[in-house]
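# Structural description and commentary
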Amino acid sequence: MAKNTSSSAFRKIDVDQYNEDNYREEEQAELQSPPIGPDEAEVTALMNQGRHVDALKTVLRNAPLGSKNQLVKDNALNLTLRVLLAIKSSQIEEVVAALDKDLIDVLMKYVYRGFETPSEGSSGHLLLWHEKAYAVGGVGSIMRVLSDTKRA
């Protein structure tokens, strides 16, 4: 038999804080260093040298997916679209073949983001990118992009 049954100190513990359903992913993301996005000068230099594949890889590897700063994300989107639209239609297939699975997923994120804000002539070119990325990444790539909480 308990000696001190009139004590109510145990009632002050918040047991809900230990529930798995209350897990917040945002708190973990804040602990990481904020991504700053791709270096525009480096990407522009690669594009001026005609190294579009390297420019695209640089942009996709340094994508600010975890950032909450919308300005950084918009700048990265504009830079990525500039790189994507600079690559000729006949080269898209070989460029996509040079990317790994994770970069294809990031590419798909930017393609869908580019569809959200169409500009003159970009939609047709982005459809070609989508077709070639889908051929390599398959339905799994689309599902990973649509279900991911980190938007491009």
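For the structure, check the block above.
The shown structure was predicted, so the numbers you read here are calculated from the model rather than taken from an experiment. (Residues numbered from 1 in each chain as written. Predicted model: local features only at pLDDT ≥ 70, side-chain atom pairs only at ≥ 80, totals over all residues. Heavy atoms only, no water.)

## Structural notes on a nonpolar patch on the surface
- Among the surface-exposed residues, I13, V15 and Y18 lie close enough to one another that they form a single nonpolar patch of about 370 Å² accessible area.
- Tracing the chain through its elements places Y18 in the segment before α1 (25-31). (Patch = residues over 30% accessible without salt bridge, like charges linked within 9 Å, V, L, I, M, F, W, Y side chains within 5 Å. Areas by Shrake-Rupley, 256 points an atom, 1.4 Å probe, with all protein chains shown as cover. Salt bridge = Lys/Arg side-chain N within 4 Å of Asp/Glu carboxyl O. Helix = DSSP H or I, 4+ residues; strand = E, 2+ residues; numbered from the N terminus.)

## Structural notes on the pattern of salt bridges
- In total, this model carries seven salt bridges according to the counting rule given.
- A salt bridge links E40 to R82; the nearest nitrogen and oxygen atoms lie 3.5 Å apart. Here E40, found in helix α2 (residues 40-48), pairs with R82, found in helix α4 (residues 70-86); they are 42 residues apart in sequence, far enough to count as distant.
- For E40, a relative accessible area of 47% puts it in the partly exposed group.
- For R51, the salt bridge goes to D54, with nearest N and O atoms at 2.9 Å.
- Residue D54 is classed as partly exposed on the basis of its relative accessible area, which comes to 31%.
- Where salt bridges share partners, they join D74, R113 and E116 into one cluster. (Buried < 20%, exposed > 50% of the residue type's maximum accessible area, 1.4 Å probe, protein only.)

## Some words on the packing of α4 against helix α6 (residues 101-116)
- The contact between α4 and α6 brings their axes to 10 Å, and the two run at 95 degrees. For the element pair α4 / α6, the angle class is roughly perpendicular. For the pair formed by α4 and α6, the contact residues are Q70, K73, D74, A76, L77, T80, L81 and L84 on the first element and L107, Y110, R113 and G114 on the second.
- Looking at the contact of α4 with α6, its residues break down into six nonpolar, three polar and three charged. (Axes fitted to C-alpha atoms, helices over the stretch in contact; angles between N-to-C directions. Parallel < 35°, antiparallel > 145°, perpendicular 65-115°, else oblique. Contact = heavy atoms within 4.5 Å. Nonpolar A, V, L, I, M, F, W, Y, C, P; charged D, E, K, R; others polar.)

## Details of the environment of L126
- By secondary structure assignment, the location of L126 is in helix α7 (residues 122-147).
- Here the alpha-carbon distance between L126 and S89, two residues 37 residues apart in the chain, equals 9.9 Å.
- Setting aside anything within four residues of it in sequence, one finds L126 in contact with L81, L84, V111, G114 and F115.

## Some remarks on the nonpolar core
- Membership of the largest hydrophobic core comes to 33 residues, with the highest contact counts inside it found for L56, L60, V83, L107, Y110 and W129.
- For this core, the element with the highest residue contribution is α6, accounting for seven residues.
- Dropping the residues within four chain positions of it, L60 is found in contact with T80, L99, L103, V106, L107 and Y110. (Core = buried A, V, L, I, M, F, W, Y, C linked by side-chain atoms within 4.5 Å.)

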